[in-house]
Each structure stands twice: as C-alpha cells, then as structure tokens.
Amino acid sequence: MNPPEPLALLPKADLHVHQEATRYLDLVLAEREGREPYDWAAWRRRLAAEVPPGRERLLRIGSTQPVPLALDADDELFVARFAALMRDHAAAGACYVEVRCGGDVVTRDGFMSLFRRAERQVRAEYPRLRAEALAILVHGARDPRQTAAFAEGCVRAADEGLAGVDFLYTPYDTEADWTPMYRLAERFAEAGLGITAHAGEVSTANIAAAAAMPGLTRIGHGVHAAADPELMRLLADRGVTLECALTCNAYFGVLPEVDGHPLTRLVEAGVPVTLATDNPVQLGTTIEREYALAAGLGLGPERLADLTRNAIRAAFTSDERKAAMLAELAEAERARLSGGRGGPARR
Ligand SMILES: [Zn+2]
C-alpha cells in the first residue's frame, strides 16, 4: 500500500509491539543465508481456513516458531533481531517504538545495554527513531515464585533503563481477580516503571479493573470499550490511552462491531487512542500501514497527527525524548500545512 504523501511525512509511533523473537531471528538469518524467510502470509491463510475468528484463532498467535529460540542466546544475533524490528519501524516512518519482551529476556544479563546497542545501530541510519523496552508479565501470579522472580528482575532492570511493564492476565475474556496484580503494579510504579495491561481485546471484561490498577496509564487493545458508553467515559475521564492494533483485531476477528473497527467511535468519545502493530511479522503489517488503515476509517491528517501526539504523551520514555518528538511532530505538521515544503526527511 502506498500511503498518500502527507501520511508518509507524518512521524508515527507504535506503543504496542511484541518482540517476535524467533520471527525476527528467522528474518535476520534468512538474509544472511540468502534464503527465503518463513512464509507468514501462507501461515495466515492456513490459520484463517482452519480456525474460526475470535478467541480460538487468537490463542494460536504464538503457535509457530520458524527457528529454534536457543539461537537467541547469541548476543550478536540478539542485538541484530532487535535492530531488525527497530529498523522496520524506522523505515515505516516511526519516531518511536516500545517493544514488549518476556521476563526471561528482560532479566538476561546486560539486557538493556544490548537493547541500546541495537537502538544505536538503527539511530545511526535513522536518527529520529527512539525505542524503549517493556517487560510483559503473562498469566501473572499463577506461580508465585516465578512471579516474584520476574518482579525482582523488572525492578532491577528499571535501574538500567527498562521503561515499563505490560500485564497480560487471565482469564482474558471474563472478569479476573486483579488484586494480586495491583500489589505488583504498585511496586513497579514505585520503581518508576510505566504500567499498561492487555484487556478488552475480545470482550469488555477486565477493562474497568485494569483502568483501576495503580500506576496504569494505558491499555493494550481495549477496543471493546466502544460497545459500552460508560466504559468509554471512564477511560476518557481517567485519560487512559488505548493501544489499538487494527490489522491484529481484524485478522483475529475479535472486534466488538460487525461493520468494522470502532476506532473513530473511541476518538469521538474522547478516549486517547494510539496505533500499534502488535505482531507485525506474523500479521504482515507495518506502523505506516496501520496509519493508512486509520485514514481509511475516516481519520483526517489532524486526527492522524493526534494519534502520534497521544502516543508520545503516553510513552514510557524520558521527558527529553518526549519533548524532542513533540517538536519534530510540530515541525512535520507545519510542513504539511504549508504544502509539504521543508518537511523532515523520512530518515
Ligand atoms: Zn499484544
């Protein structure tokens, strides 16, 4: 898809991308070995033919590993696969990306310095790209000892620059007891970590509970809030930002509305919204494509710029980086309004 020029010039931000460890390792190795990478388009077609849309299909999201995860132990490959993810985002016009990584990755020795090494490599080519790392806690508190070790690791990594924690709690489609997560979230917030949580992707369950979590400022997905005016009011009043992944929602068939994505309804209700790729390799998308899809839903250039502005404001990064990105966004907006002259180069 070739987006119109104003969209190409707009700085974009992705607050919700999973690291896709073995998928990016496969891309890096395929290029080095001169072979084709794993065919994710065929995988998507197969899965769509075999598994009905909704929760069932969503559960298959991490079902295929194209190369062994053991390869990730190699520091050089580890850096290369993070750099590949960041480069994909930079090439798609992103000024900012937050990468969600598992607990084993975040607690790896020297994780943040390897992550920063990848970021420096990409910034040498795309100086406007900034990246931060998040830890994702999946099915927290099921194994208290493992959860405690994860929490320790995150707090330690916060000192080294880890930006935040994302909770992916279960049950996902019905109301869960979030109380144990609140205690953890409190501890993370005290350590200076940003807090977000996966909720409201497949139903309205857990949106209100997540929004009440100490320190939480964002929700991953949350699109089912569009089905409930009270939930939308709650999110708007608390300024909870939704990380919306249009391609992901459409492919897995989890939307609350039958006639398309409720993105514009959320925007009209005053809910701060941003865009996200979620699993770009597996889903065959880029952050530029997500913005083009949002344009297709009826968001004009100002509203698209708002998405980036929302993302920068809600980003788990330093005030210095936020100020620099907001200034670049303002510069791009001025260039757009003066007819595209003097706009920032895309890299
Ligand atoms: Zn996600």
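This write-up is about the structure you can find in this document. No experiment lies behind these values; they were computed from the predicted model shown.

Conventions and cut-offs
- Residues numbered from 1 in each chain as written.
- Predicted model: local features only at pLDDT ≥ 70, side-chain atom pairs only at ≥ 80, totals over all residues.
- Heavy atoms only, no water.
- Donors = N, O, S within 2.8 Å, 3.2 Å for Na, K, Ca; no water.
- Tetrahedral: all angles 85-135°; square planar, octahedral: opposite > 155°, others 65-115°.
- Buried < 20%, exposed > 50% of the residue type's maximum accessible area, 1.4 Å probe, protein only.
- Helix = DSSP H or I, 4+ residues; strand = E, 2+ residues; numbered from the N terminus.
- Contact = heavy atoms within 4.5 Å.
- Polar contact = N/O pair within 3.5 Å; in protein donor to acceptor, adjacent residues only side chain to side chain.
- 1 Å grid on protein atoms, 1.4 Å probe; cavity = no way out; pocket = protein on both sides within 12 Å on 5 of 7 lines; lining within 4 Å.
- Points joined across faces, edges and corners; volume = space filled by probe spheres on them.
- Nonpolar A, V, L, I, M, F, W, Y, C, P; charged D, E, K, R; others polar.
- Pairing = 2+ DSSP bridges.
- Axes fitted to C-alpha atoms, helices over the stretch in contact; angles between N-to-C directions.

Observations concerning the coordination of the zinc ion
- Protein-derived ligands of the zinc ion are His16 (NE2), His18 (NE2), His198 (NE2) and Asp278 (OD), with the metal-ligand distances lying across 2.1 to 2.7 Å.
- Each of the 4 donor atoms around the zinc ion contributes to a set of angles spanning 80 to 145°, which defines the coordination as irregular.
- Read in sequence order, the donor residues for the zinc ion give the motif H-x1-H-x179-H-x79-D.
- By relative accessible area, histidine 16 is classed as buried at 0%.
- Given a relative accessible area of 15%, histidine 18 falls into the buried group.

Some thoughts on helix H3 (residues 40-50)
- Taken as a whole, H3 has its buried residues at Trp40, Ala42, Trp43, Arg44 and Leu47.
- Buried residues in H3 make contact with helix H2 (21-33), helix H4 (55-58), helix H12 (246-252) and helix H14 (280-283).
- The N-cap residue of H3 is aspartate 39: its side-chain oxygen and the backbone nitrogen of alanine 41 are 3.2 Å apart.

Topic: the layout of surface pockets
- When its volume is computed, the largest pocket comes out at roughly 1400 Å³.
- When residues of the lining of the largest pocket are traced back to their parent elements, those giving at least two are H2, H4, helix H6 (103-106), strand S3 (130-138) and helix H8 (144-160).
- If you tally residues by element for the lining of the largest pocket, the top one is H8, at 4 residues.
- Of the residues in the lining of the largest pocket, the class split is 17 nonpolar, 15 polar and 12 charged.
- For the second largest pocket, the calculated volume is near 230 Å³.
- Every residue along the wall of the second largest pocket is listed here: Leu27, Val28, Glu31, Arg32, Ala80, Ala83, Ala84, Arg87, Asp88 and Gln121.
- Among the secondary structure elements, those contributing two or more residues to the lining of the second largest pocket are H2 and helix H5 (75-91).
- By residue number, the principal contributor to the lining of the second largest pocket is H5, which donates 5 residues.

Here's the deal with the side chain of arginine 81
- Relative to the assigned elements, arginine 81 resides in helix H5.
- A polar side-chain atom of arginine 81 sits 2.7 Å from a polar atom in the side chain of aspartate 72.
- Leaving out residues up to four positions away in the same chain, arginine 81 has contacts with Gln19, Ala21, Tyr24, Leu25, Val28, Asp72 and Val105.

Focus: the sheet that holds strand S4 (residues 164-168)
- Ordered in space as S1-S2-S3-S4-S5-S6-S7-S8, the 8 strands form an open sheet in which the pairing is parallel. Every other strand in the sheet has two partners, leaving strand S1 (12-18) and strand S8 (273-275) as the edge strands with one partner each. The sheet shows a mean angle of 25° between the axes of neighbouring strands, taken without regard to direction.
- Here strand S5 (residues 194-199) pairs with strand S6 (residues 216-221) via 5 bridges, running parallel. Paired with alanine 197 across the bridge in S6 is isoleucine 219.
- Across the sheet, H5 is in contact with S1, strand S2 (94-101) and S3; its angle to S2 comes to roughly 145°.

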